[in-house]
Amino acid sequence: EYQMKYSKDSQYTSQVFLVYSAALVFFMQAGFAMICAGAVRKKNVGNSMLKNLLDACGAAIAYFCFGYAFAFGDGSNPNGFIGTTNFFLMGVDNYAFWMFEYAFSAASCTIVAGTLAERCQMAAYLCYSLVLTGFVYPVVSHAIWSPHGFLTSNIQNENPLFGSGVVDFAGGGVVHLVGGCTALFATMILGPRRGRFHDNEGRKLDKPNNFPGHSIALQMLGSFILWFGWYGFNSGSALITSSHERGKLVALCAVNTTLSGGAGGLTALFVNLLILERRLGEPIFDLKMAMNGSLSGLVAITAGCGVVEPWAALLIGIFAGLLYLGGSNLLLKLRLDDAVDAIPIHMVNGMWGLIAVGFVASPRNLNLTYGIEVPHVGWFYSLARGSGDARLLAAQLVGILFILGWCLIIMMPFFVWLDWKGWFRSDPLEEIVGLDTSYHGGLILMSEKRDKATSNIQSSPTRRR
Amino acid sequence: EYQMKYSKDSQYTSQVFLVYSAALVFFMQAGFAMICAGAVRKKNVGNSMLKNLLDACGAAIAYFCFGYAFAFGDGSNPNGFIGTTNFFLMGVDNYAFWMFEYAFSAASCTIVAGTLAERCQMAAYLCYSLVLTGFVYPVVSHAIWSPHGFLTSNIQNENPLFGSGVVDFAGGGVVHLVGGCTALFATMILGPRRGRFHDNEGRKLDKPNNFPGHSIALQMLGSFILWFGWYGFNSGSALITSSHERGKLVALCAVNTTLSGGAGGLTALFVNLLILERRLGEPIFDLKMAMNGSLSGLVAITAGCGVVEPWAALLIGIFAGLLYLGGSNLLLKLRLDDAVDAIPIHMVNGMWGLIAVGFVASPRNLNLTYGIEVPHVGWFYSLARGSGDARLLAAQLVGILFILGWCLIIMMPFFVWLDWKGWFRSDPLEEIVGLDTSYHGGLILMSEKRDKATSNIQSSPTRRR
Amino acid sequence: EYQMKYSKDSQYTSQVFLVYSAALVFFMQAGFAMICAGAVRKKNVGNSMLKNLLDACGAAIAYFCFGYAFAFGDGSNPNGFIGTTNFFLMGVDNYAFWMFEYAFSAASCTIVAGTLAERCQMAAYLCYSLVLTGFVYPVVSHAIWSPHGFLTSNIQNENPLFGSGVVDFAGGGVVHLVGGCTALFATMILGPRRGRFHDNEGRKLDKPNNFPGHSIALQMLGSFILWFGWYGFNSGSALITSSHERGKLVALCAVNTTLSGGAGGLTALFVNLLILERRLGEPIFDLKMAMNGSLSGLVAITAGCGVVEPWAALLIGIFAGLLYLGGSNLLLKLRLDDAVDAIPIHMVNGMWGLIAVGFVASPRNLNLTYGIEVPHVGWFYSLARGSGDARLLAAQLVGILFILGWCLIIMMPFFVWLDWKGWFRSDPLEEIVGLDTSYHGGLILMSEKRDKATSNIQSSPTRRR
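Keep in mind that this is a model prediction, so the values were computed, not measured.

**Digging into the overall build of chain A**
Scanning chain A from N- to C-terminus turns up 16 helices and 0 strands. Here chain A has a C-alpha radius of gyration of 22 Å; the compact-globule value for 465 residues is 23 Å, and the two agree. In terms of its C-alpha atoms, chain A occupies a principal-axis envelope of roughly 75 × 60 × 40 Å. By residue count, 70% of the 465 residues in chain A fall in the buried class. Nonlocal contacts in chain A, meaning residues at least 24 apart in sequence, comprise 76% of its contacts between residues at least 6 apart. Once the 31 positive and 29 negative side-chain charges of chain A are each reduced to a mean point, those two points are 7 Å apart.

Now the structure itself:
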C-alpha cells in the first residue's frame, strides 16, 4: 500500500472505506484461527486458537502504545529508520489509517502461530508476539511505507533508493515475508514436533510422519475467510478512494487478487496430482494443495496487486503454486516442521511477490497507483522499451534482503535466548498429552472429573479447556 | 441486476461498492462449502469442499479467459446471443463490474456441487464446471443482462421482448435457476446415492434412507454465511450507487431480502411442524426446514428484490417456504437424490421468483430501478389500473423457458455422454469407502499408517485427506 | 447511535454505508449461533442454533409489522413512550435505517438464546422472542433513540432529561443491557440445567459441575465473527457519513472498539491466570476467559464508542474484563446457570458501559458526534473544568434503572406465567436425552433407524436433527 496522500486525506468516503477494509482484515484472524484449529490435533486446538486471539488483543494494545508510533510517527524531525512521535495515538487525527494498520500488524504476527503449533510454550509465544508487533514489524513498515522510510517508494520522498524505492503495494514483504521468515527462524530453533521426523528412540524416520489435522472442514473455512479478508487487505491498501482513478485501482486490486489466488490453487492441485500420478499411478486430488496453493497465490499478488496487469497476476499465481509445492517439499527435506505450511506460503511467496513486481510492474498501473509518471518500471517493460532499466528490480531485492536480515538479527538471537533459558519448547510430556491439557487447566479438570460422578464422563475432545 | 448505465459509470463510490459487494458474494463460496461439508457424511467432506474451492478458482480463470467475453463483450458489433470481444479482460475498463460478475458465475456453478455430493467423479465435475461457467452461464447472462441480449429489459435496448424484456434484478433466473436446473439434470443422469432409495439387492425401499450429515453446526454456519453474502448479491446488483435514488434502491433490496428470507424460514418450519404433528402427534421443529426455507426465500426474492414492495417480498417468501416443502417431497417421490436440496431451493424458487416479478413488480420500484417510466408492470398492478397488461409476466415465462431449454440442450447431452463413457459416476466401491479415500489419497495414507507404529493410529475422521 | 439528522438524510453514501453495516450486524447472528453451538453439549446443538435462526427470521417479520413502528414511528403526534405510525413499513422512506435497526433488534433478542440453552421449551422461546422484539425492545429504543423519547439525548429534543438525556451511542443499554437483564430474569425462573449445581438426589454440589461445550473451535469462531460484526454495530451507529467529521467518527468508533475488546480479553485472561496460579500453583491460560473478556470489552465500549477518547476505551475494556470475572463468579455463587455467560458479558458490561460514558465522555468527541457544543460532559471532564456537573452521569443511571425496571415489569411476570403454566422448562427426561431428540424429531429418527439395516448405524452425533 502506498501512503502518497494519506496525511492530506480529507475525504470521508476514504475513511469509511478504510474502516471497513480494516474490519475485513481483522476477520482474517478468524481465518488463521480456523486453519490452525483444523490443522492441529485435537489435543492442541484450544492452545492454537488462544494464540490467534492473543495476537488480535495484544497487537491492539501494543500498536496503540508504541507500534504505530514506531511505524508512522514521523513528526517534525523524521529519520529513515523509526518513528518517534504519536505514542498512545497522541496527535493522531487519521483514526481510519491507524485502524487499518493495526489490522495489518495483527495479521503479520498471527502468521507465525500456525507454524509453532503443538510444541511452543505460551509465555514464549507472548514474548515473541510483543517483540514482533511492537518493534520488528513497525520498523519494516516504517522503512517501506512511511514517506521518510529509507526504502520507501512514496513520492513525498525526494531521494528514494535507486531513484525508485521498494514497491510493496499491500504488504507482501512488510506483512507476509516478515511473518513467514520469522516463522522459519522460530521453527529452526524450536525443532519439529515429537514423532514428526524421528521415532521415539530418536532415529530418523525414512518418511516424515504426517499428523492429520482434526478437521479439514475448519481448514477450508479458514482458507475461504482468508481469501474473503484479502479483498480488504489488497483493495483497502489503495487507502484513498475519492476519485475515479482510485476507484479503478481498488477494483484492479480485487481482480488481480482473484486471478492469482485462483491460478495458485489450480496449479498446486494439478501439478501435485501429476507428480503423484507418476509415482503412485493414481490421481490424487489433494484439497490441502488446492487450499495452500490459493493462499500462496494470494500472498504472491499482495506486493503487486495495484501495479501489475491481470495477465501478470495470473502468471504470478501460477508460479506461486509451483513455489509452494517446491517450498513445502524443501522444508520436509530440511526436516523443518511447519504445522500449517506457513513458511512456503508466506515467506517463499512473499519474496516471490516482491521479485515479480520488479519484473512485471506495468507503467500504466504504476502511474495509476502513484498519480505521477513513475520513472522506473518492471524490468520486462523496460526491456520492451529498449532500456533494460533494472532499478526497480534491484530495489525489490534490497527490500527482501533488508527484511530477511532485520528479522534475522532481531528474532534469531531472541529465539536462541528463549531456547537457552528453556522457555521456548514445551515439556515432552506436555507435548504428548497435548497443550490444551498442560497450559489450559486440562489436568485439573481431568482430576476433578475423576472425583465426581457426573453423567458426562466420556472422552469428550473439548473437555480440557 | 440491471446494467442500465454501467458502461458510463464514472463514479468512484460505485466501484468501491461493487468490489465490496463482490467480496460478499465471493464469501458465499464459504457458505456453500460449509453447507456441503455439514450435509454429507464424514467420508466425503474433503471431496465436497474441494469442488467448492475448484469452482471459485476455476471460475476465476474461465471467466477471465472467455466467460466475461461471452457474457458482456459486445464490442461494436453486438448480437443478441453471445458476446464476442473482451477476452482475457482486453479492453475492459470497468474492473469492478468484472469482479462482481465473476463472483456471480462462481456462485452459479457451485450450486450444483451439493446436489452431486458423495457419488460424482472428480474429473466429471471439473468438466461440468468448465462448461457451465465458461459457456452455459455466460450465454444466459448475456441474453438477460447485456444491453444487447435478446431477452434483456435494459433500457438501452430499443426493442425488448414484448416491449418489456425479462426483469431479473439480481439473478434469480440467471444464477439460481441455471444452477438449480443443471443440478436436476445432473442428478437424473447420475442417479441416487447407494442405499438412498434401494437396498443392497436393488429392491426399492418403502421410505428413502436419510443420510445424516456429519455436522449440523457447519450447515447452520453455511446458511448464515449465505444469507450474509446475499446482501452483497442483491443490494450489490444495484450496480450504481451515486445518487439518492440508487442508495434507496440498495436499501430496498436489503429490506426485501430480509423479509423474504425470514418469511421463507418461518413458513417452512411451521408448515412442516403442522404436517408432522398431524401424522405423528408430536410437534417437530426441524432446523433443516428452517434453514432451507430461509434460503428458499432468499432465492425467490433475488429476481425481484429491487422491483417489488416489502409486503410483496413477505408474500414471496411465504410461498417460497411452501414451494420448498413441496419441491423437496416431490423429489423424494420421484426418487431423485439431492444431498442438500439444492433443486427445490434454487431451481423451484428461482422459477417462482421470476414469475412473482410478473405478478407483483410495482410501478414505483420499477421506475426507481430503471430511472424511467417503465411501461409494463406486474400483472396485479396493471389489473388494478384496469388494463390487465400481462406482457411483463409473459416475458418472465419466456425467460424461464429459455433458461430451462438452454440448460437442457447443452447440459443434458453432456451429462449423458459423460455417463455413457463411464466418467460420471464413482465406482460403487469408491462410494462405499467414501470419496475422500478414493480420490484424495486416503488409500495410500491408510496403508502407510498400517506400516508404521505411530502414536496416532486411531480412526481419526479427517485422516483420509 | 444517534439519530440527529437521520430523517433528513439525503446522502446516498450514508444509505449504502448503513446497509453494509446492517449486513455486518446481521452476520453477528452467525457468531451467536456458533458460540451457542460450541458451548452446549452435542445433544442440544440443533436446538440452540434453531433459536438463533428463529430470532433472525422472527425479528424480521415482527420488526416489519410493528417493532419499527413502536420504536421510531413517531408521525405527527409523537409521545415519549412509544411510536404509533409506520406499521408494515407504511410511509417509511429510509429503508436503510429500517434495515440497520432490524439487525439490532434481532441481536438484542438472540443474546438470551445462549443463557437458556439446553433446558428451555421451543414454544416458550418463541413466545419470549416475539414479546421482546415486538414490544419490550422497541419501547426502550424509542425512549433512548427516538427524537421524541423521554430519555433521548437527540438534539432535536428541546427538553431532554436533566438537560442532557441518556447517551447510548451504539446500544450498550438499548441492545445489550436489554438482552442481558432479560437473560438474567429468564434463568432465575427457569432454573439451572440438571446436574449443574445439584446431584441427582437434589443435594447441592460443593462445586458447580461444568458442562464442557462440544467444540471450542466453533466458540472461537463465533467470538471472532461477533468482533468482526461489532465494527458494523459500532461504526455503523454513526448513521450519517457524508462529511469529513462523520467519517472521522466512524473511524473513532472502530478504534475504540478495538482497544476495548483487546484490553478486555487480555485483562480477563491474565487476572484469571494470576488468581488460579495463587490457588493451584499452576498458570492456566483459559481460552474461554480471553474470549468472553474480549466480548465484555466490546459490550462495554458500545455505549460510548463515539464519545470517549481511545485511552478511555482502553480503561473501559480493562474494567470490563474484571467485571466479567466478578460477574461470572457471582452468578455461580448465586447458583444461576448461564450456559454461555451472557449475563456477565451483556448485562453487567452493558451497565458498566453506560456508567463509563457518564464519567469519561469527552467534550471533543461529544461535539463531534452531536455536531453542536454539548453542554453536559463526562464527570471527570467537568471536574477538571472545576464544575463537577454530574447531569450526564445522572441521566445514564436513570437510563439503566429504566431499562432494568421496564424489562423486569414486563418480562418477569411473563416468565413466571410461562413457568406456572408448565410451558417454560423442558421435561426432565427431554433434558437428559437432549433437546435435539425431544423437539427435533430425534426420537422418530432413532426408532426408524433401529428398524432398518443400513450401513449407517452408528452413534452419529448429528443424527438426531
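**A word on the interface of chain B and chain A**
Contacts between chain B and chain A engage 57 residues on the former and 65 residues on the latter. The interface formed by chain B and chain A holds 1 salt bridge in total. Counting across the chain B and chain A interface gives 4 residue pairs in polar contact (both at pLDDT 80 or more). Taken together, the elements giving at least two residues each to the side of chain B that touches chain A come down to α1 (12–39), α2 (45–72), α3 (95–115), α4 (122–145), α6 (216–236), α15 (435–439) and α16 (442–451) of chain B. For the side of chain B that touches chain A, the residue count by class is 37 nonpolar, 13 polar and 7 charged.

**Focus on the relation of the copies chain B and chain A**
Overlaying chain B on chain A yields an RMSD of 0.0 Å, the required transformation being a rotation through 120 degrees with an accompanying axial translation of 0.0 Å. The superposition operator between the copies reduces to a three-fold rotation axis. Taking the C-alpha atom as reference, chain B places Thr 13 of chain B closest to the rotation axis, 4.5 Å from it. Of the residues that chain B buries at the interface, just 12% are likewise interface residues in chain A, meaning the two copies contact each other through different surfaces.

**Comments concerning the packing of helix α6 (residues 216–236) of chain A against helix α8 (residues 287–302) of chain A**
Residues and elements named next belong to chain A. Two elements in contact, α6 and α8, have axes whose closest approach is 11 Å; the angle formed by their N-to-C orientations is 15 degrees. In this view, α6 runs roughly parallel relative to α8, as classed from their interaxial angle. Like other packed secondary-structure pairs, α6 and α8 cross with a definite hand, here left-handed. Contact with α6, carried on its side by Ile 216, Gln 219, Met 220, Ser 223, Leu 226, Trp 227, Trp 230, Phe 233 and Asn 234, involves Leu 287, Met 291, Ser 294, Leu 295, Leu 298, Val 299, Ile 301 and Thr 302 of α8 and no other residues of that element. Tallied by class, residues from the contact of α6 with α8 come to 12 nonpolar, 5 polar and no charged.

**Focus on a nonpolar patch on the surface**
Side chains of Trp 311, Leu 315, Ile 318, Phe 319, Leu 322 and Leu 323 of chain A sit close together on the surface and give an oily, nonpolar patch of about 500 Å² of accessible area. Here Leu 315 of chain A lies in helix α9 (residues 310–333).

**Notes on the packing of aromatic side chains**
The geometry of an aromatic ring pair is captured by two quantities: the separation of the ring centres and the angle between the planes. Throughout the structure, instances matching the rule amount to 108 aromatic pairs over all chains. Plain terms: the ring middles of Tyr 68 of chain A and Phe 97 of chain A are 6.3 Å apart, the flat faces sit at 75 degrees to each other, and that makes the pair edge-to-face. On the criterion of sequence distance, the pair formed by Tyr 68 of chain A in helix α2 (residues 45–72) and Phe 97 of chain A in helix α3 (residues 95–115) is long-range, its members being 29 residues apart. For Tyr 68 of chain A, a relative accessible area of 5% puts it in the buried group. Ring geometry for Phe 104 of chain C and Phe 233 of chain C: centres 4.1 Å apart, planes at 20 degrees, overall stacked. Within this pair, whereas Phe 104 of chain C is found in helix α3 (residues 95–115), its partner Phe 233 of chain C is found in helix α6 (residues 216–236), the two being separated by 129 residues in sequence. In this structure Phe 233 of chain C comes out as buried when scored by relative accessible area, which is 0%. By the ring-pair criterion, three or more aromatic residues cluster together here, those being Phe 66, Phe 70, Phe 81, Phe 87, Phe 135, Phe 150, Phe 402 and Trp 406 of chain A. Here the basic side chain of Arg 41 of chain B rests over the ring of Phe 211 of chain B, its NZ or CZ set 3.9 Å away from the ring centre.

**Side note on the state of the cysteines**
Considering all chains together, one arrives at 0 disulfides over all chains under this definition. Here Cys 109 of chain B is not cross-linked by a disulfide; its sulfur's nearest cysteine counterpart is in Cys 120 of chain B, at 11 Å. Looking at Cys 109 of chain B, the relative accessible area reads 0%, which means it is buried. For Cys 65 of chain C, which is in no disulfide, the shortest distance to another cysteine sulfur is to Cys 57 of chain C and amounts to 14 Å.

**Digging into helix α5 (residues 172–190) of chain A**
Residue and element names in this part refer to chain A. When the terminal C-alpha atoms of α5 are compared, their 25 Å separation across 19 residues agrees well with the 27 Å that a helix rising 1.5 Å per residue should span. When you tally the buried positions in α5, you get 17 out of 19 residues, the bulk of the element. With its phi angle positive at about 85 degrees, Gly 191 sits one or two positions after the end of α5.

**Looking at the relation of the copies chain A and chain C**
Superposing chain A onto chain C takes a rotation of 120 degrees combined with a translation of 0.0 Å along the rotation axis, leaving an RMSD of 0.0 Å. Mapped onto chain C, only 12% of the interface residues of chain A again fall at the interface, so the copies present different surfaces.

**What about the nonpolar core?**
Note that soluble globular proteins tend to have their nonpolar side chains buried in a common cluster. By size, the foremost hydrophobic cluster in this structure holds 502 residues, and its most contacted members are Tyr 102 of chain A, Tyr 102 of chain B together with Tyr 102 of chain C. Setting aside residues no more than four positions away along its own chain, Tyr 102 of chain C makes contact with Thr 258 of chain B together with Phe 26, Ala 56, Ala 59, Ala 60 and Tyr 63 of chain C.

**Focus: the packing of α3 of chain C against helix α5 (residues 172–190) of chain C**
Residues and elements named next belong to chain C. The N-to-C vectors of α3 and α5 enclose an angle of 30 degrees; their axes lie 8 Å apart at closest approach. Considering their axes alone, α3 and α5 lie roughly parallel with respect to each other. When you trace α3 past α5, the crossing you get is right-handed. The segment α3 lies against α5, with Phe 104, Ala 107, Ser 108, Ile 111, Val 112 and Thr 115 engaging Val 174, Val 175, His 176, Val 178, Gly 179, Gly 180, Thr 182, Ala 183 and Thr 187. By residue class, the composition of the contact of α3 with α5 is 8 nonpolar, 7 polar and no charged.

**Some words on the interface of chain A and chain C**
By convention, interface size is frequently given as the accessible area that disappears when the constituent parts associate. Across the contact, 58 residues belong to chain A and 65 residues belong to chain C. Counting the surface lost from both chain A and chain C, the interface buries some 5000 Å², and carbon and sulfur atoms represent 75% of this. Linking chain A with chain C are 1 salt bridge. Linking chain A to chain C there are 4 residue pairs in polar contact (both at pLDDT 80 or more).

**What about helix α8 (residues 287–302) of chain C?**
Spanning 16 residues, α8 of chain C covers 23 Å between terminal C-alpha atoms, matching the ideal 22 Å at 1.5 Å per step. In this structure Asp 286 of chain C caps α8 of chain C, since a side-chain oxygen of it lies 3.0 Å from the backbone nitrogen of Lys 288 of chain C.

**Overview of the pattern of salt bridges**
Tallied over the full model, the rule gives 24 salt bridges over all chains. Across the pair Arg 193 of chain A and Asp 337 of chain A runs a salt bridge, and its minimum N-O distance is 2.7 Å. Of this pair, Arg 193 of chain A sits in the loop between α5 and α6 while Asp 337 of chain A sits in the loop between α9 and α10 (342–360), and the two are 144 residues apart along the sequence. The two residues Arg 193 of chain A and Asp 337 of chain A agree in class, both being buried. Asp 199 of chain B is paired through a salt bridge with Arg 203 of chain B; the nearest N and O atoms lie 3.0 Å apart.

**Examining the side chain of Glu 118 of chain C**
All names here are of chain C. Its location among the elements puts Glu 118 in the loop between α3 and α4 (122–145). Only 3.0 Å separates the side chain of Glu 118 from the side chain of Asn 44, close enough to count as a polar contact. Reaching out from Glu 118, the side chain makes a polar contact with the side chain of Arg 193 at a distance of 2.5 Å. Ignoring anything within four residues of it in the chain, the contact list for Glu 118 reads Val 40, Arg 41, Asn 44, Arg 193, Phe 211, Glu 431 and Leu 435.

**A word on unusual backbone geometry**
Although it is not a glycine, Glu 118 of chain A sits at a positive phi angle of roughly 80 degrees. The phi angle at Phe 162 of chain C is positive, at roughly 55 degrees, despite the residue not being glycine. Within the secondary structure, Phe 162 of chain C sits in the loop between α4 and α5. On the basis of relative accessibility, which here comes to 35%, the residue Phe 162 of chain C falls in the partly exposed class.

**Notes on the environment of Phe 402 of chain C**
Residues and elements named next belong to chain C. Structurally, Phe 402 is set in helix α13 (residues 391–421). Looking at Phe 402, the relative accessible area reads 15%, which means it is buried. When near neighbours in sequence (up to four residues on either side) are disregarded, Phe 402 contacts Val 139, Val 140, Ala 143, Phe 150 and Leu 151.

**Quick word on the environment of Asn 77 of chain B**
Inspection of the secondary structure puts Asn 77 of chain B in the loop between α2 and α3. Once the C-alpha coordinates of Asn 77 of chain B and Ala 342 of chain B are considered, the two residues, 265 residues apart in sequence, prove to be 38 Å apart.

Rules behind the numbers
- By convention here, each chain's residues receive numbers from 1 onward along its written sequence.
- Labels follow written order: the first chain is A, the first ligand is 1, and so on.
- Per-residue local features of the predicted model are confined to residues with pLDDT of at least 70, and side-chain atom pairs are confined, for both listing and counting, to 80 or more; whole-chain, interface and lining totals are unaffected and use all residues.
- Note: side-chain values were computed over all heavy atoms of the structure, leaving out hydrogens and water.
- Going along the chain from the N terminus, every DSSP run of H or I of four or more residues is numbered as a helix, and every run of E of two or more is numbered as a strand.
- Each radius of gyration reported is based on C-alpha atoms, and the globular scaling rule is 2.2 Å times the count of residues to the power 0.38.
- Relative accessibility thresholds used throughout: buried, under 20% of the residue-type maximum; exposed, over 50%; partly exposed, between the two (1.4 Å probe, protein chains only).
- Residue contacts are defined here by distance: any two heavy atoms, one from each residue, within 4.5 Å place the two residues in contact.
- Counting rule for charge: Lys and Arg are taken as positive, Asp and Glu as negative, and neither His nor the chain ends is counted.
- Charged groups are reduced to one reference atom each: NZ for lysine, CZ for arginine, CG for aspartic acid, CD for glutamic acid.
- Just to be clear on terms, a salt bridge is a Lys or Arg side-chain nitrogen sitting within 4 Å of an Asp or Glu carboxyl oxygen.
- In protein, a polar contact requires one atom able to donate a hydrogen and another able to accept it; more generally it is a pair of N or O atoms within 3.5 Å, and residues adjacent in sequence count only if both atoms are side-chain atoms.
- Residue polarity is assigned by list, with Asp, Glu, Lys and Arg as charged and Ala, Val, Leu, Ile, Met, Phe, Trp, Tyr, Cys and Pro as nonpolar; anything else, Gly included, falls into the polar class.
- The copies were overlaid with a least-squares fit restricted to C-alpha atoms from residues scoring a pLDDT of at least 70 in each copy.
- Fitted lines through C-alpha atoms give the axes, limited to the stretch in contact for helices. The angle between two N-to-C directions lies from 0 to 180 degrees.
- For classification purposes, angles smaller than 35 degrees are called roughly parallel, those larger than 145 roughly antiparallel, those between 65 and 115 roughly perpendicular, and all remaining angles oblique.
- Crossing handedness is read from the near helix: turned anticlockwise from the far helix by less than a right angle, it gives a left-handed crossing, and turned clockwise, a right-handed one.
- To count toward a patch, a residue needs a relative accessible area above 30% and no salt bridge. Like charges then connect within 9 Å, nonpolar side chains (Val, Leu, Ile, Met, Phe, Trp, Tyr) within 5 Å.
- Only the protein chains shown count as cover for residues, and all accessible areas are computed by the Shrake-Rupley method using a 1.4 Å probe.
- Stacked, tilted and edge-to-face are the three classes assigned to paired rings of Phe, Tyr and Trp, where Trp is represented by its six-membered ring and a pair needs centres within 6.5 Å; plane angles under 30 degrees give stacked, over 60 edge-to-face, the rest tilted.
- Two limits define a charge over a ring: the Lys NZ or Arg CZ must be within 6 Å of the ring centre, and within 35 degrees of the ring normal.
- Note that a disulfide, as used here, is simply two cysteine sulfur atoms within 2.5 Å.
- Each helix should span, by expectation, one fewer than its residue count multiplied by 1.5 Å.
- Only buried residues count toward a nonpolar core. Its members are Ala, Val, Leu, Ile, Met, Phe, Trp, Tyr and Cys residues joined through side-chain atoms within 4.5 Å.
- Put simply, buried area is the surface a 1.4 Å probe can reach on two separate parts but cannot reach once they are joined, added for both.

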